Each structure stands twice: as C-alpha cells, then as structure tokens.
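Chain by chain, the residues run as shown.
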Amino acid sequence: MPIFAVKTTASQERTVADMIANREEEEIHAVLAPDSLTSYVMVESDNDAVLERVLDEIPHARSIVPGTSSLAEVEHFLSPTPDVEGIAEGDIVELIAGPFKGEKARVQRIDEGKDQVTVELYEATVPIPVTVRGDQIRVLDSEER
C-alpha cells in the first residue's frame, strides 16, 4: 500500500492529519503526523487523485510530495522513543520544568523503564538528588563517551 507525504504549513501537521482522518474516504486508510517530522503528514492511500481532491478542501495542506514511501520507511515513526534516550550518566543538564526549573544539574542515574532521570543539583550547598521525568530536562553538555 503506497504512503504519500503531504506538505503542510508548519505547526499545522496535527490539524491537517485530523481533517484528513475525519473525511470518510474509502481510498484513505491511515494518517500519521509524527512529532519528529515538521511540516509533513504521512497518508496511506490507494489513489493519489483522491488524496489530491481531499487536500484541495483542507486548509494548511499544501501539496503531495512526488513519489511514495513504503511502510518500512515510515515504521520508525510508529514506535515512541523514550525521553531519556541520548542522556548518559555524568551529563550536565538543565531542568526545564518543575520546581527546580532553570537549575543546572549532573545526571546520576537513568531509569529507562520509568523514563526518569535522577540528577544532583549543581548550585545546592548540600548535594540533593532529584528524580524527574525525561521530558523535564535538556542536555547542556555531554561527557565524552
């Protein structure tokens, strides 16, 4: 089954995907708007002519990218990646949410199963271990691995 890439206005991917999905077209089977893919929506469809007709009626949908993709090429968008991926013990991070927002810390331990990171605050007089979700930190500096 061919998968078409549809160019959209930036930050409107989810809106376009929802509008395509809400159309009751037999030829359109699935719509995917991955967060990691900016300005594009993937649409599984039998026929690009039907998709073209649908896109004419949807605001923020620009055009179909020439060519098709296979399921194997878009499969990596289907499984979520943990927020702690790419973070290693010893990394210097900044807390971007929660009560310690804006504080710098060093990663002490990573719990991939729970998607949590235990960090030790830098400026604290007494070392305080704080456990936060992986999406609440931003890596500033990685030690050489």
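Structure: above.
Here the structure is a predicted model, which means the values were calculated and not measured. Within any chain, residue numbers begin from 1 and follow the written order of that chain's sequence. Predicted model: local features are reported for residues with pLDDT of at least 70 only, side-chain atom pairs are reported and counted for 80 or more only, and whole-chain, interface and lining totals are derived from all residues. Based on all heavy atoms of the structure, the side-chain values leave hydrogens and waters out of the count.

### Some thoughts on the layout of surface pockets
Working step 1: Think of a 1 Å grid over just the protein atoms. A cavity is a set of points where a 1.4 Å probe fits yet cannot get out, a pocket is an open set with protein on both sides within 12 Å along at least five of seven lines, and lining residues have an atom within 4 Å of a point. Grid points are joined across faces, edges and corners, and a volume is the space filled by probe spheres set on the points. Approximately 210 Å³ is the volume attributed to the largest pocket.
Working step 2: Put simply, Ala, Val, Leu, Ile, Met, Phe, Trp, Tyr, Cys and Pro go in the nonpolar bin, Asp, Glu, Lys and Arg in the charged bin, and everything else, Gly too, in the polar bin. Here the lining of the largest pocket is composed, by residue class, of 5 nonpolar, 4 polar and 2 charged.

### Notes on the pattern of salt bridges
Working step 1: Within this document, salt bridges are pairs made up of a side-chain nitrogen of Lys or Arg and a carboxyl oxygen of Asp or Glu, the two lying within 4 Å of each other. Counted according to the given criterion, the structure contains 6 salt bridges.
Working step 2: Taking the shortest distance from any N to any O, the salt bridge between Arg14 and Asp35 comes out at 3.1 Å. Here Arg14, found in helix 1 (residues 13–22), pairs with Asp35, found in the loop between strand 2 (28–32) and strand 3 (40–45); they are 21 residues apart in sequence, far enough to count as distant.
Working step 3: For Asp35, a relative accessible area of 72% puts it in the exposed group.
Working step 4: Glu57 serves as the salt-bridge partner of Arg23, at 2.8 Å between the closest nitrogen and oxygen. With Arg23 in the loop between helix 1 and strand 2 and Glu57 in the loop between helix 2 (48–56) and strand 4 (61–64), the pair connects residues that are 34 residues apart, well separated along the chain.
Working step 5: The rule is simple: take the accessible area with a 1.4 Å probe, protein chains only, and divide by the maximum for that residue type; under 20% is buried, over 50% is exposed, in between is partly exposed. On the accessibility criterion, Arg23 (25% relative accessible area) is partly exposed.
Working step 6: Each member of the salt-bridge network shares a partner with another, and the members are Arg23, Glu25, Arg53 and Glu57. For the purposes of this entry, the term helix denotes a DSSP run of H or I that reaches at least four residues, the term strand denotes a run of E that reaches at least two, and both are numbered from the N terminus.

### Some thoughts on the pairing of strand 3
Working step 1: Pairing between strands requires that DSSP locate at least two bridges from one strand to the other. Summarising the sheet, strand 1 (residues 3–8) and strand 3 pair through 5 bridges and their orientation is antiparallel. Paired with Lys7 across the two strands is Tyr40, which belongs to strand 3.
Working step 2: With 4 bridges joining them, strand 2 and strand 3 adopt antiparallel strand pairing. Its bridge partner being in strand 3, Leu32 is matched across the sheet by Met42.

### Description of unusual backbone geometry
Working step 1: For Ser39, which is not a glycine, the phi torsion comes out positive at approximately 70 degrees.
Working step 2: Tracing the backbone shows Ser39 in the loop between strand 2 and strand 3.
Working step 3: A positive phi is found at Asp115, a non-glycine position, where the angle reads about 60 degrees.
Working step 4: Among the secondary structure elements, Asp115 is positioned in the loop between strand 6 (104–111) and strand 7 (116–121).

### Some details on the packing of aromatic side chains
Working step 1: Each Phe, Tyr or Trp ring, with Trp reduced to its six-membered ring, pairs with another whose centre is within 6.5 Å; inter-plane angles below 30 degrees give stacked pairs, above 60 give edge-to-face pairs, and intermediate values give tilted ones. The tally for this structure, following the rule as stated, stands at 0 aromatic pairs.
Working step 2: Any Lys NZ or Arg CZ found within 6 Å of a ring centre and within 35 degrees of that ring's normal is scored as a charge over the ring. Against the face of Tyr40 rests Lys7, its NZ or CZ located 5.0 Å from the ring centre.

These figures capture arrangement, not role.
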